[in-house]
Amino acid sequence: MTHHAQEIKDGFSRLEGKEVSIAGRAMQMRQMGGITFIDIQDRSGKIQALIRNNDLDPKSLLVLTHASIGDNLGIRGMVMKSKRGEISVGAKEITMLSKTLRTLPNKWHGLTDTEARYRYRHLDLMMNQEVLRTFETRSKFMRHVRDTLDSRGAIEVETPILQDVYGGAKAKPFTTVYHTLDDKQMYLRISDELYLKRLIIGGAERVYEVSKDFRNEDADTTHNPEFTQIEYYEAYSDYEAFMKMMEEMLSSFALKTFGSTKVEYQGETIDFTPPFARMYWVDELKKMLGVDVSKMSDEVAARINEIEKLGLKHPDPYHVADSLFDKYLKGKTLQPTFVLDFPAFMCPLTKVKRGNPLLAERFELYVGRMEVANSYSELTDPIYQRKMFEDQERERKKGDEEAPPFDEDFLDAIEYGMPPTAGIGISIDRPVMVFTNQTSIKEVILFPPMKSLPPNEGTGDK
RNA sequence: GGGCCCGUAGCUCAGCUCGGUAGAGCAUCUGGCUUUUAACCAGGUGGUCGUGGGUUCGAAUCCCACUGGGCCCGCCA
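Residues numbered from 1 in each chain as written. Chains lettered and ligands numbered in written order. Predicted model: local features only at pLDDT ≥ 70, side-chain atom pairs only at ≥ 80, totals over all residues. Heavy atoms only, no water.

## Observations concerning the domain arrangement of chain A
Here is step 1: For chain A, the assigned domains read domain 1 (5-98) and domain 2 (129-276 + 335-444).
Here is step 2: Just the C-alpha atoms count here: the centres of domain 1 and domain 2 sit 49 Å apart.
Here is step 3: Each partner contributes residues to the interface: domain 1 has 5 residues there, and domain 2 has 4 residues.
Here is step 4: Taken together, both faces of the contact between domain 1 and domain 2 bury some 260 Å²; the carbon and sulfur share is 33%.
Here is step 5: At the boundary of domain 1 with domain 2, the tally comes to 0 salt bridges.
Here is step 6: Where domain 1 touches domain 2, the interface holds 2 residue pairs in polar contact (both at pLDDT 80 or more).
Here is step 7: Class assignment for the residues of the side of domain 1 that touches domain 2 results in no nonpolar, 3 polar and 2 charged. (Domains from an automatic or database assignment. Contact = heavy atoms within 4.5 Å. Buried area = accessible area lost by both parts, 1.4 Å probe. Salt bridge = Lys/Arg side-chain N within 4 Å of Asp/Glu carboxyl O. Polar contact = N/O pair within 3.5 Å; in protein donor to acceptor, adjacent residues only side chain to side chain. Nonpolar A, V, L, I, M, F, W, Y, C, P; charged D, E, K, R; others polar.)

## Describing the packing of aromatic side chains
Here is step 1: Counted under the stated rule, the structure contains 17 aromatic pairs.
Here is step 2: Between Phe141 and Phe253, the aromatic rings sit 5.1 Å apart at their centres with planes inclined by 75 degrees, giving edge-to-face as the arrangement. One end of the pair, Phe141, is in helix H6 (residues 129-151); the other, Phe253, is in helix H8 (residues 239-258), with 112 residues separating them in the sequence.
Here is step 3: The class for Phe253 is buried, based on a relative accessible area of 0%.
Here is step 4: Residues Trp281 and Phe325 carry aromatic rings whose centres are separated by 5.6 Å and whose planes lie at 75 degrees to one another, so their mutual orientation is edge-to-face. With Trp281 in helix H9 (residues 281-289) and Phe325 in helix H11 (residues 317-328), this residue pair connects regions lying 44 residues apart in the sequence.
Here is step 5: Three or more aromatic residues joined by ring pairs make a cluster, and in this case those are Phe141, Tyr239, Phe253, Phe258, Phe272, Phe276, Phe338, Phe363 and Phe435.
Here is step 6: One residue, Arg198, lies across the ring of Tyr195, its end atom 4.9 Å from the ring centre.
Here is step 7: In this structure, Arg362 packs its charged tip against the face of Phe342, placed 4.3 Å from the ring centre. (Phe/Tyr/Trp six-rings, centres within 6.5 Å; stacked < 30°, edge-to-face > 60°. Helix = DSSP H or I, 4+ residues; strand = E, 2+ residues; numbered from the N terminus. Buried < 20%, exposed > 50% of the residue type's maximum accessible area, 1.4 Å probe, protein only. Lys NZ or Arg CZ within 6 Å of the ring centre and 35° of its normal.)

So this is what it looks like as structure tokens:
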């Protein structure tokens, strides 16, 4: 194979009359006796092969008579135009590269059934090439985030996915059993935070990990139980530095990939031109509702749950504050927005704000009304950290099954002294949704989880 | 967990209201056609109608349960 379809189309003036060989899947075939037109699709797109029986050697002729839509074919021939002006490869030789045993979906309507598209992603990719483009963009975005972090001198590391104590976020974990370790109960990580911080304590200074994390909760259009984020920790830095980093990272990606810092998303324009908006949400809520969520008692929180009809199972200050944000402010975050300065009690791993100990130095970046990054100046004080773990443990005993467990090993590590550090978790799935104009996270995950089908219900084409 | 919608040929769909032998287009196979663009013309093959139960002389169609999917809500960094 010497050329992709798109290269031949783009370089036609240069390639006309030259011999090329292409390879790909036959997507359409128009046979008119002594001449056949086959649309060959490779990963770049489609190009027409123009095949005159008279031009073929006997072996190629045999291949042609047995060819059908769905076969992988190799075509060698001259770049030319058909009478109707379509750029084509005038075949001299045809090779059967692989024969399909099944029939492809309808050439006109394609494969549109959402379930079938996710279950049989190979068919989806064949029939809907824009899906391939979506995942190319995903790949570019991950590459871009890595490049950004590499350019800051960070090293990429890998930490355990199977953990015996999980932490770093609030979520229900998946559990599993390690048989050769006395059937010990293990957890799939919900975040890599506590391991990466150990590396900072050890002196690594700048580390990141591309991390699949697992949270045992329902899927919806913005949540998948298995999702990807990149966590990055930088010593001698703070959350202000990371706001600048995110502005630069996202705007340069949009510019590089789409030629503009403005991106169309679902009929609206999202503008990544720095600086991004800043929303001091505790202040906003105070102005709007007269409530200071940074100092709510349990009683006040419970009363607000009633008055605001939040309907929370655990109407504690954490969940009430979170819910008020969702109800009143989340809708205003279409444009890239730093939502910042959280109540300190919501942030058990975060340093308190300089000048206001009720608040924490933390921001969440929202784009398209979705949280796409979460960052803070890390809590480095082992004594305060121990107290926060104790608080979490109390919440846990009160019935909040998402409150993370006490982690004595981590406390032991941080007691050696941790430099001031900024940390961030950059969601991959959600920004990719924005950059590929998708409204469901399943469109940016190649194999979203599906319930199992009863036996014998494949694409069985008998 | 709650609500609404959906599941018929490999794919895209009609048939269901009002029960009476399972349909179309594409794909596939056979024949014709040497510049087509969803090529065209003629003929053929292809179905546990998501699964199970009920009503009925008779169920793709009516009823119940289950199952899988989508959307919305709840939960969810």
